[in-house]
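# What the coordinates show
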Amino acid sequence: MDMMDAWMRAGAEFAQANAQWAPVIVFIVAFCECIALLSFLVPATAFFTVFATAAGASGLAPLPLALAATAGAGIGFWVSYWFGLKVGPRAGDYWPLKNNPELLKKGHDFFERWGAPGVFAGHFIGPVRAVIALTAGIVKMPPLQFHIANWSASFVWGFMFFYGFGMFGQQLAR
């Protein structure tokens, strides 16, 4: 608990000292978290939970951060979808899918079972997040269906973290 308290305090101090950069940082992390396969390298869920709570505790408005997270997540998924459309099944020829073919198969199976709701749910399920938008592109999911699922999930995801945890952080600071 002491470590979490120290992270919260450090996060709040950083957020206060760099308030103008907070939305940019949130956008970049959300974008990387939602790009196919980078989500394994960017542990955004833990970062966002701590950062959003610390930002709220430091008095930063949660709305700009929630909008930045929404935009980063939506654009990251869109780029992954676009890459899947362009590359198709050859996506499995590229690192790290080349070394982990079961990952793409699991993403494909999940997509085949759930379709557009799977794209929505993929924002909230770490292992699926890494490949679901890419898979949607590979199987040529209709763009309108993809964008509705993607942007509605991005909005819920971004607001869940930054508005929800930001408000939680404001309550902790009182």
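Summarised in this report is the structure supplied together with it. Remember, predicted model here, so these are calculated numbers, not experimental data.

With that settled, consider the layout of surface pockets. A volume near 160 Å³ is recorded for the largest pocket. Lining the largest pocket we find 14 residues, and of these Ile35, Ala36, Leu37, Leu38 and Phe83 sit closest to its centre. Taken together, the residues that form the lining of the largest pocket break down as 13 nonpolar, one polar and no charged.

Taken together, the side chains of Ile75, Trp78, Trp82, Phe83, Tyr94 and Trp151 define a hydrophobic patch exposed on the protein surface, amounting to about 570 Å² of accessible area. Counting residues per element, the nonpolar patch draws most heavily on helix α4 (residues 62-87), which supplies four residues. The topology assignment puts Tyr94 in the loop between α4 and α5 (101-114).

Examined against the element boundaries, Ala73 turns out to sit in helix α4. Separated by 38 residues in the primary sequence, Ala73 and Ile35 place their C-alpha atoms 8.2 Å from one another.

Cut-off values and rules
Residues numbered from 1 in each chain as written. Predicted model: local features only at pLDDT ≥ 70, side-chain atom pairs only at ≥ 80, totals over all residues. Heavy atoms only, no water. 1 Å grid on protein atoms, 1.4 Å probe; cavity = no way out; pocket = protein on both sides within 12 Å on 5 of 7 lines; lining within 4 Å. Points joined across faces, edges and corners; volume = space filled by probe spheres on them. Nonpolar A, V, L, I, M, F, W, Y, C, P; charged D, E, K, R; others polar. Patch = residues over 30% accessible without salt bridge, like charges linked within 9 Å, V, L, I, M, F, W, Y side chains within 5 Å. Areas by Shrake-Rupley, 256 points an atom, 1.4 Å probe, with all protein chains shown as cover. Salt bridge = Lys/Arg side-chain N within 4 Å of Asp/Glu carboxyl O. Helix = DSSP H or I, 4+ residues; strand = E, 2+ residues; numbered from the N terminus.

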